[in-house]
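# Geometric and topological summary
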Amino acid sequence: MTCASCARRVEKAILAVPGVTAAAVNPATDRARVSLGPNGRSAAVAEAVREAGYQPVESKVDLGIHGMTCASCVSRVEKALHQVPGVTAASVNLATERASVRYLGGSDDIVARLKEAVAKTGYAADEITEDHRAHEGHVHAEENTSALARSVWIAALLTLPVFVLEMGSHLVPAFHDWVMTTLGHQRNLQIQFALTTLVLFGPGWRFFRAGVPALLRLAPEMNSLVVVGTSAAYLYSLVATFAPGVLPVGTANVYYEAAAVIVTLILVGRYLEARAKGRTSDAIKHLIGLQPKTARVLRDGGAAEIPIEQVVTGDRVQVRPGEKIAVDGEVIDGSSYVDESMITGEPVPVQKALGATVVGGTINKTGSFTFRATKIGADTVLAQIIRMVEQAQGAKLPIQTLVDEITGWFVPAVIAVAALTFVVWSIFGPDPALTFALVNAVAVLIIACPCAMGLATPTSIMVGTGRAAELGILFRRGEALQSLKNVSVVAFDKTGTLTMGRPELTDFVVTDGFSDDEVLRLVASVEARSEHPIADAIVAAAKNRGLALEEPASFEATPGFGVAAVVAGRAISVGADRHMQQLGISTAAFATVAERLATEGKSPLYAAIDGKLAAIIAVADPIKPTTRDAIASLHALGLRVAMVSGDNRRTAEAIARRVGIDIVHAEILPDGKVAVLNDMRAAGQRVAFVGDGINDAPALAAADVGIAVGSGTDIAIESADVVLMSGDLRGIANAIAISQATIRNIRQNLFWAFAYNIVLIPVAAGVLFPLNGMLLSPVFAAGAMALSSVFVVGNALRLRSFQAPASKEVAA
């Protein structure tokens, strides 16, 4: 906002939002104070401000959420966060146990209000700050896994005697007789009661602690199903043990073993799930492990080994052979080769000498050097990568929307089905009807598993984005995982993306009677006085050959024609064919070479010495070595490839022919790239645009998916959805392939999660009993439920072995 009229416009736009009861905009402080009614939504206020032509200031906070076990938990927490005033967006991830919240303004107490909202739903939240972002979640996950392991062992040791006493008596008549003569019927039941009570209210207390409050809030979730099912079996058995006369004749049976085994099996499932979930974040753990703990810093005339946290910008840091580089910096002394594969995915070490940039976490190979620290802490490239991967892993894909809608009513629906099952079996079931009703209702409660639904999407995202990071592909937005799969056209910027981005001398042919090196030395001596990029390429080529240049005399430049000067007493002229014609020098001797250069899209220059034609010269921006292979890989995926270039059409089409590009948009100004992309999208194409991330920001933002080609050290490219850490364009095909593999994996998980419930809930309710007498024991239901979550996470872990299809050595 710049004036009072801006403030009035914003205020008017906010007041027009349904649910807004009052609004006051202050242009001096650039703030709006908004009061919302019961139906008011902060997100609608933010959108109204945008539509008025202004940008609402939004902040972001990440929360760790403790106690979630299934998709219903996620839905409940997300809903509570959305209801906090000021929150415009909230996304909760079961696999990472995190919530990402965007809110308006910079309210000081927003975190406290968010924590309070989460607490009211029965869960706990804490803010994830930069100080503990990298390891806190992993430490918590490891502690949770250890606690589950202890609970499993205790539950198993207590459950085993119950199972043996009850099931052994049913299966082995001799064992039944032994129990009756040594323990007696009542003592047997009392022992089972005591051990089962210890199981339920010892290791199984975690289900009651979370499930009962959820039931009291009329917001049941997975723990609630376990509580209702095991409590029903336990309480029924309790009555059968201590007051059997209350029950109808023939129905005083006990189900202690069912309650105990159900708790034990679900704990086993949770333990296996926790272990598997821990493996989904292996990529992040690996990145965190790359951070060195100490640095050798030169201070006060000596070298000292200090903790990495004490390094400050400007420190001089020594690196010896085999050591990890502590932080980002610039080499000021010495040279070496550095393994940067953890950043770029490229296996070949990179030479580092004076002035080169180095990245924290990379490994020095042979030599030693000293560098000046330029970025530390959260500003380093490695810290940025970790943040990007974490953000992508915490994203919620569009495919998750359906799951969220279903899980919102799933658990209440399961409880309703269980109640209906109990009623139907009580009325229509065979004798003892009450026993059948109880067993089948408990089986329905236990078999239903929203855990698998909640884990289906986020676990695949975690593993897929982690594997991509190992290949040098960073998904800045998790949503790009789904969008990239659907692209039909990949459009490339030319300069710096398909090409090296700097002109080089590509052709230099001399006529008879002239020496190649001598002509180049003389021509470069003249061009050294020119500021044209072509001149820089010629001078660089001469210096690379070790040729000594001389200071030219009487230098003269004719715009549009060429340059002329005297070097070592010889008259040198360099320019286009029209310049040679102006000087009366024929270029016919190079007619064949000139025709070849034209077909390659190169514009030839000519050099004359003392009035005689001496050489034909071509300078071009060379195509990257991997460009052809990259485009072939995209064609193999069934995609079309386009090039958007500012070059003249002949040059652009010549390059397109050489590398196999299908569509050419030439002579496009930088601000015209967006229009080209919009035209493609209007024609029904889904377009991914690939650029170098610097001057292509508008096009990267306008495309369905923006892919930035990073340099390994310049990764903070805000406009792109995907960043390739190396300049290897084959990473594009790899990114698309891993997108396809991840979405395919998610669909497999969702199919399993939904099909499992659709098929087994009716079986648990007893629909097959009239046909073949089949009933599903609650014990088997518990085992199947536990395995469903483990299956989903295990299927997601298959993505860790994803092999990149493009012929890139690191992907092998």
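Small disclaimer: the values here were computed from a predicted structure and weren't measured. (Residues numbered from 1 in each chain as written. Predicted model: local features only at pLDDT ≥ 70, side-chain atom pairs only at ≥ 80, totals over all residues. Heavy atoms only, no water.)

## Observations regarding the sheet that holds strand β7 (residues 294–299)
Where strands meet in a sheet, backbone hydrogen bonds hold them as pairs that are either parallel or antiparallel. One open sheet holds the six strands; their spatial order is β8-β7-β9-β15-β10-β13, and the pairing between them is antiparallel. Looking at which strands have only one partner, the edges of the open sheet turn out to be β8 (302–307) and β13 (357–358). Examined bridge by bridge, β7 and β8 share six bridges and lie antiparallel to one another. From the neighbouring strand, V297 faces β8, where its bridge partner is A304. (Pairing = 2+ DSSP bridges. Helix = DSSP H or I, 4+ residues; strand = E, 2+ residues; numbered from the N terminus.)

## A short note on the environment of I631
In this structure, I631 sits in helix α23 (residues 627–636). I631 sits in the buried class, given a relative accessible area of 1%. Between the alpha carbons of I631 and L498 there is a distance of 9.8 Å; along the sequence they are 133 residues apart. Setting aside residues no more than four positions away along its own chain, I631 makes contact with L498, V641, V659, G660 and I661. (Buried < 20%, exposed > 50% of the residue type's maximum accessible area, 1.4 Å probe, protein only. Contact = heavy atoms within 4.5 Å.)

## Side note on the pattern of salt bridges
Where charged atoms from two side chains of opposite charge come close, those side chains can pair. Taken as a whole and assessed by the stated rule, the structure comprises 20 salt bridges. The partner of E47 in a salt bridge is R50, and the shortest N-O contact between them spans 3.5 Å. Taken as a pair, E47 and R50 lie in helix α2 (residues 42–51) at a separation of three residues, close to a single helical turn. Put simply, R467 and E470 hold a salt bridge, and the shortest N to O gap is 3.0 Å. (Salt bridge = Lys/Arg side-chain N within 4 Å of Asp/Glu carboxyl O.)

## With respect to the UniProt feature "domain: HMA" (unreviewed entry) in the protein chain
The sites that carry the UniProt feature "domain: HMA" (unreviewed entry) are, in the present numbering, residues 1–57 and 59–126. The distance from the first to the last C-alpha atom of residues 1–57 is 12 Å, and the span holds 39% helix and 23% strand. (UniProt positions renumbered as here; feature names shortened; annotations may be inferred.)

## Some remarks on the nonpolar core
With 140 residues, the main nonpolar core has L81 and I732 as its most contacted residues. Of the residues forming this core, the biggest block, 17 residues, is contributed by helix α27 (residues 730–765). Taken domain by domain, the makeup of this core includes at least three residues from each of domain 2 (57–128) and domain 4 (466–500 + 623–736). If sequence neighbours within four positions are ignored, I732 has contacts with V490, F492, L634, V690, I707 and L724. In terms of nonpolar packing, the next biggest core, distinct from the first, is built from 23 residues, V523, A542, I572 and V619 among them. (Core = buried A, V, L, I, M, F, W, Y, C linked by side-chain atoms within 4.5 Å. Domains from an automatic or database assignment.)

## Some details on the sheet that holds strand β3 (residues 58–66)
Taken in spatial order, the four strands make up an open sheet running β4-β5-β3-β6, and their pairing is antiparallel. Because the sheet does not close on itself, it has two edges, and the strands there are β4 (87–93) and β6 (124–127). Averaged over all pairs of adjacent strands, the angle between strand axes in this sheet comes to 25°, irrespective of strand direction. With six bridges joining them, β4 and strand β5 (residues 98–104) adopt antiparallel strand pairing. In the strand pairing of β5, A89 is matched with R102. Most of the contacts of α2 go to β4, to which it runs at about 125°, and overall it touches β3, β4 and β5. Sheet contacts for helix α4 (residues 110–120): β3, β4, β5 and β6; angle to β6, the most-contacted strand, approximately 160°. (Axes fitted to C-alpha atoms, helices over the stretch in contact; angles between N-to-C directions.)

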